[in-house]
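# Remarks on the overall topology
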Amino acid sequence: MELLVLFFVLAITLIAGLPVGVSLGLASLAYVVLAGLPEAVVLHRMVGGVDSFPLLAVPFFILAGHLMNTGGITERIFGFARALIGWLPGGLGYVNVGASVMFAGMSGAAVADAGGLGSVEIRAMRQAGYDSDFAVGVTASSSTIGPIIPPSLPLIVYGVMASASIGELFVAGLLPGLLMAVALMVMVAWYSHRRGYPRDGALTLGRVSQSFARAFLPLLTPAIIIGGIMTGAFTPTEAAVAAVVWTLVLGMFVYRSLTWRHLVRVMFDTVETTASILLIVAASSIFAWILISNQIAAHLAAGLLGISSDPMFVMMAILVIVLLLGLFMETVAAITILVPVLLPVATQAGIDPVHLGIVVVLALMIGLLTPPVGLVLYVLAGVSGVSFERCVKATMPFLVPLLIVLLMVAFIPQLSLWLPHTLYR
């Protein structure tokens with residue numbers, strides 16, 4: 001009865017439009033009251049859920065992403081990508097994907113990519129004569145690369161929930177992220193050939209070198225973050241602090257594009273975004289505790305493994321579950337709910353937790369491009385002035401290469417495990 005009430009309250013509050021963190025907290029509180037447990041258990045578990053050193057990386061990476069968008073760093077990155085690969089037919093489509101790969105190594109959030117870099121990309125593509133639908137589709141799909149290539153906010157949350165090495169998770173995302181970029185560029189090539197999209201100028205050494213000089217210091221950010229983590233110079237949390245310090249130095253003292261007024265606004269935006277994420281993590285901690293204490297994960301594992309213990313079957317079942325939940329739930333909330341349930345099933349089937357993390361996050365990134373939630377689509381609808389319905393229609397073709405990459409990563413574990421196994425084990 002208590003479990004039925006738990007899921008009923010969660011469903012009703014989500015349908016009513018309450019924030020996910022509030023819904024999880026209210027559902028858990030209802031369970032605790034009906035079960036006759038002290039109400040203080042809720043607060044105790046929520047505080048314990050966010051009392052984690054790796055989670056300190058979340059606000060710092062969010063802050064770094066906001067500073068890059070506000071300080072004009074994204075325009076420099078886009079300019080360099082434009083000079084480097086814009087000469088290809090349909091060049092700005094390739095530039096869109098390439099710039100997202102570069103920006104992915106700095107912010108780790110799809111929404112930051114879509115909201116900051118996306119506004120620059122869509123404006124440039126429209127001015128060059130590209131269809132708005134194509135511009136929105138490429139921008140939306142390429143923004144999903146951000147949380148796969150390190151750093152990654154969803155992978156940090158997954159690492160905390162699964163007690164997995166965040167450093168290994170970061171490294172594991174490199175090859176899948178680059179594979180996503182290649183797949184999207186193939187799609188861009190097909191569209192460009194079919195519609196006869198133009199080149200964006202000629203490839204000249206002077207143009208490339210000039211844009212590289214303007215973007216050189218921002219491009220050092222991924223080297224600082226990824227290089228520092230891979231060499232063991234600092235932890236992912238310390239890498240996030242280093243990214244903030246570096247972007248502050250660039251914005252305030254090198255380029256002088258970031259004023260104190262901008263900084264105050266960025267701080268408020270960061271606090272707001274961080275609070276919403278950590279509220280979800282805190283509320284999901286008590287929710288996960290309830291699921292674990294009632295052995296929900298064990299029952300699910302027994303049910304799935306009773307049908308078949310083949311890792312391929314278990315992975316396919318996990319993909320279906322994650323893709324369905326991704327349609328209706330925000331990424332961090334989905335991770336915090338899914339991990340306590342799916343991780344025991346995966347480990348019993350012999351699936352590596354690091355591999356599972358990349359698969360889960362990649363599948364949830366596809367959820368950002370699908371209604372009814374489709375958070376990236378809502379952001380781009382606001383940035384581009386294109387209706388949400390048109391954004392959905394424009395993005396649908398680009399789901400094909402992303403789904404192909406998802407299946408490859410899911411069923412070829414070495415695509416995500418080879419690099420962390422080489423560097424860490």
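Before any of the text, the structure's been laid out above.
Now for a description of the structure that goes with this document. Just so you know, these numbers come straight off a predicted model, no measurement behind them.

Bringing the overall build of the protein into the picture now. The helix and strand tally for the protein stands at 22 helices and 0 strands. Along the longest, intermediate and shortest principal axes, the C-alpha atoms of the protein span 70 × 45 × 45 Å. Partitioning the intrachain contacts of the protein with sequence separation of at least 6 by distance along the chain shows that 79% fall at a separation of at least 24. For the protein, the exposed area adds up to about 17000 Å²; of that, 70% sits on carbon and sulfur atoms.

With that settled, consider empty space enclosed by the protein. Within this structure, the stated rule accounts for 1 cavity of 30 Å³ or more. Its boundaries defined by the atoms lining it, the largest cavity holds a volume of some 30 Å³. Residue lining of the largest cavity: Tyr 158, Leu 338, Val 339, Leu 342, Leu 343, Leu 356 and Val 360, and that is the complete set. Elements with a minimum of two residues in the lining of the largest cavity: helix 17 (331–348) and helix 18 (353–367). Sorting elements by how many residues they give to the lining of the largest cavity places helix 17 first, with 4 residues. Taken together, the residues of the lining of the largest cavity break down into 7 nonpolar, no polar and no charged.

Okay, a nonpolar patch on the surface next. A surface patch of nonpolar side chains, about 420 Å² in accessible area, is lined by Leu 18, Val 22, Leu 26, Leu 29, Val 33 and Leu 279. You can see Val 33 is positioned in helix 2 (residues 20–34).

What follows covers the packing of aromatic side chains. Aromatic ring pairs: the centre-centre distance and the angle between the two ring planes describe each pair. Taken as a whole and judged by the stated rule, the model has 10 aromatic pairs. When the centroid spacing of 6.2 Å and the interplanar angle of 85° are considered together, the rings of Phe 7 and Phe 287 count as edge-to-face. Highlighted residues: Phe 7 in helix 1 (residues 2–15) and Phe 287 in helix 14 (residues 260–293), separated in sequence by 280 residues. For Phe 7, a relative accessible area of 39% corresponds to the partly exposed category. Since its relative accessible area comes to 2%, Phe 287 is described here as buried. Over the aromatic face of Tyr 255 sits the side chain of Arg 76, whose NZ or CZ is 3.6 Å from the ring centroid.

The space that makes up the largest pocket amounts to roughly 960 Å³. Contributing to the lining of the largest pocket are 37 residues, with Val 111, Ser 276, Ile 277, Glu 330 and Leu 375 lying nearest its centre. Counting only elements with at least two residues in the lining of the largest pocket, the list comes to helix 2, helix 4 (57–70), helix 7 (110–127), helix 9 (153–162), helix 14 and helix 17. At 7 residues, the largest contribution of residues to the lining of the largest pocket is made by helix 14. The residue inventory of the lining of the largest pocket, partitioned by class, reads 24 nonpolar, 10 polar and 3 charged.

Conventions used here
Residues numbered from 1 in each chain as written. Predicted model: local features only at pLDDT ≥ 70, side-chain atom pairs only at ≥ 80, totals over all residues. Heavy atoms only, no water. Helix = DSSP H or I, 4+ residues; strand = E, 2+ residues; numbered from the N terminus. Contact = heavy atoms within 4.5 Å. Areas by Shrake-Rupley, 256 points an atom, 1.4 Å probe, with all protein chains shown as cover. 1 Å grid on protein atoms, 1.4 Å probe; cavity = no way out; pocket = protein on both sides within 12 Å on 5 of 7 lines; lining within 4 Å. Points joined across faces, edges and corners; volume = space filled by probe spheres on them. Nonpolar A, V, L, I, M, F, W, Y, C, P; charged D, E, K, R; others polar. Patch = residues over 30% accessible without salt bridge, like charges linked within 9 Å, V, L, I, M, F, W, Y side chains within 5 Å. Salt bridge = Lys/Arg side-chain N within 4 Å of Asp/Glu carboxyl O. Phe/Tyr/Trp six-rings, centres within 6.5 Å; stacked < 30°, edge-to-face > 60°. Buried < 20%, exposed > 50% of the residue type's maximum accessible area, 1.4 Å probe, protein only. Lys NZ or Arg CZ within 6 Å of the ring centre and 35° of its normal.

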